[in-house]
Amino acid sequence: MVKSDYLAEPGKKFRIEDWPTKENGKFKDKDDAAPAVEKLREKLIDLQELLYAESKHALLILFQAMDAGGKDGAIEHVFSGVNPQGCRVTSFKAPSTLERSHDFLWRHHVAMPPRGMIGIHNRSHYEALLIERVRGFAPPKVWKKRFDHINRFEEMLADEGTTILKFFLHISKEEQKERLQARLDEPHKRWKFNPADLEERARWDEYMQAFDDVVERTSTDHAPWYVVPSDRKWYRDWVISDVIVRTLESLQMEWPKPAEGLDKIVIE
């Protein structure tokens, strides 16, 4: 677990209203941050190759956010240039009939990355503690048990060699309004607009309360939550990239040793 201004410290009280949605950090603006973002992107490309070559660790990255929170954009920009052979993105929609016939973690477990790979989950097993709770798809006696189920699940993954990073992309309600309006106003974005998003927006306060409980009860040493200020997309990307790069560097990975006698080989 790497330190960050946006790390939700395990074991501490958490209230989303205390966390910023718009920051610049050490940068003046987007242009000032651009060289640092590019440097992190290049480091991530190199570290991903090393992760793939060593094949001793897996990296699981979860993204959660309100609608229009920037999950798709973060995945597109942060991982641009990463070799797709060593990276897999899984987007979780409403569960299928088959998925509903299993336990709530089944479809997520089968999507976990193998060693050497980065697994990126657009939404995640936390939907079982968010939308299922807020929309009443699961009664309290069911979803309240899931905090412990998820903590044990993630602990098992960590014990088996998976490094877990969880990012909540934190936007303001005003920023969400602007982004949803842009989807209506711009013809090439209209395909993204879903009227059902307005129903979810009407439950904003309920979702914030649910996020409070999720982060407070499931940010752990082996699977920490980072609450990323995401009103400014460029700063969001820098925060995410910085945490990922420093986490991979902390694994102290090494290139596999080459086969013996390679220096004697002559290719004719």
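The rules behind each value
- Residues numbered from 1 in each chain as written.
- Predicted model: local features only at pLDDT ≥ 70, side-chain atom pairs only at ≥ 80, totals over all residues.
- Heavy atoms only, no water.
- Salt bridge = Lys/Arg side-chain N within 4 Å of Asp/Glu carboxyl O.
- Helix = DSSP H or I, 4+ residues; strand = E, 2+ residues; numbered from the N terminus.
- Buried < 20%, exposed > 50% of the residue type's maximum accessible area, 1.4 Å probe, protein only.
- Pairing = 2+ DSSP bridges.
- Contact = heavy atoms within 4.5 Å.
- Axes fitted to C-alpha atoms, helices over the stretch in contact; angles between N-to-C directions.
- Parallel < 35°, antiparallel > 145°, perpendicular 65-115°, else oblique.
- Left-handed = near helix turned anticlockwise from the far one by under 90°.
- Nonpolar A, V, L, I, M, F, W, Y, C, P; charged D, E, K, R; others polar.

A. Quick look at the pattern of salt bridges. Enumeration over the complete set of coordinates arrives at 17 salt bridges. We note a salt bridge from lysine 13 to glutamate 216, for which the minimum N-O separation is 3.6 Å. On the criterion of sequence distance, the pair formed by lysine 13 in the loop between β1 (7-8) and α1 (30-54) and glutamate 216 in helix α10 (residues 204-218) is long-range, its members being 203 residues apart. Ionic pairing is found between glutamate 199 and arginine 135, a salt bridge with its closest N-O pair at 3.9 Å. Remark: arginine 135 occurs in the loop between α5 (131-134) and α6 (140-143) and glutamate 199 occurs in helix α9 (residues 196-201); sequence separation between them is 64 residues. A relative accessible area of 42% places glutamate 199 in the partly exposed class. The exposure class assigned to arginine 135 is partly exposed, which follows from its relative accessible area of 28%. One continuous salt-bridge network, built from bridges that share partners, spans Lys13, Arg15 and Glu216.

B. How the structure looks around the sheet that holds strand β5 (residues 162-170). Spatially, β1-β6-β5-β2-β4-β3 is the arrangement adopted by the six strands of the open sheet, whose pairing is mixed. Only two strands of the sheet have a single partner each, and these edge strands are β1 and β3 (87-91). As defined by bridge partners, strand β2 (residues 58-65) adjoins strand β4 (residues 118-122) across five bridges and the pair is classed as parallel. Directly across from isoleucine 61, in β4, lies its bridge partner isoleucine 120. Against the sheet, helix α2 (residues 71-78) makes contact with β2, β3, β4 and β5, and its axis sits at roughly 145 degrees relative to β2, the strand it touches most. Of the strands in this sheet, β2 and β5 touch helix α7 (residues 146-159), which is tilted by about 135 degrees from β5.

C. Local environment of the side chain of arginine 146. Relative to the assigned elements, arginine 146 resides in helix α7. The contact partners of arginine 146, leaving out residues within four places of it in the chain, are Phe104, Ala128, Leu129, Glu132 and Ala138.

D. Inspection of the environment of histidine 108 at higher detail. Tracing the backbone through its elements, the reader meets histidine 108 in helix α4 (residues 106-109). For the pair formed by histidine 108 and aspartate 31, sequence separation is 77 residues and the distance between their alpha carbons is 38 Å. In this view, histidine 108 contacts Phe92, His121, Ser124 and His125; residues no more than four positions away in its chain are not counted.

E. Quick look at the packing of α2 against helix α11 (residues 233-250). Across the interface, α2 lies against α11 with an axial gap of 10 Å and an inter-helix angle of 60 degrees. One way to sum up the angle between α2 and α11 is to call them oblique. At the point where α2 passes α11, the crossing takes the right-handed sense. Note on element contacts: α11 touches α2 through Arg236, Asp237, Ile240, Ser241 and Ile244, opposite Gly73, Ala74, His77 and Val78. For the contact of α2 with α11, the class distribution of residues is four nonpolar, three polar and two charged.

F. Main features of the pairing of β2. Counted residue by residue, β2 has eight buried out of eight residues, so it is predominantly covered. Residues Ala58, Leu60, Leu62 and Gln64 point to one face of β2 and Leu59, Ile61, Phe63 and Ala65 to the other, with burial holding for every one of them. Of the pairings in the sheet, the one linking β2 to β5 comprises eight bridges and is parallel in character. Note that in β5 the partner of alanine 65 across the bridge is leucine 169.

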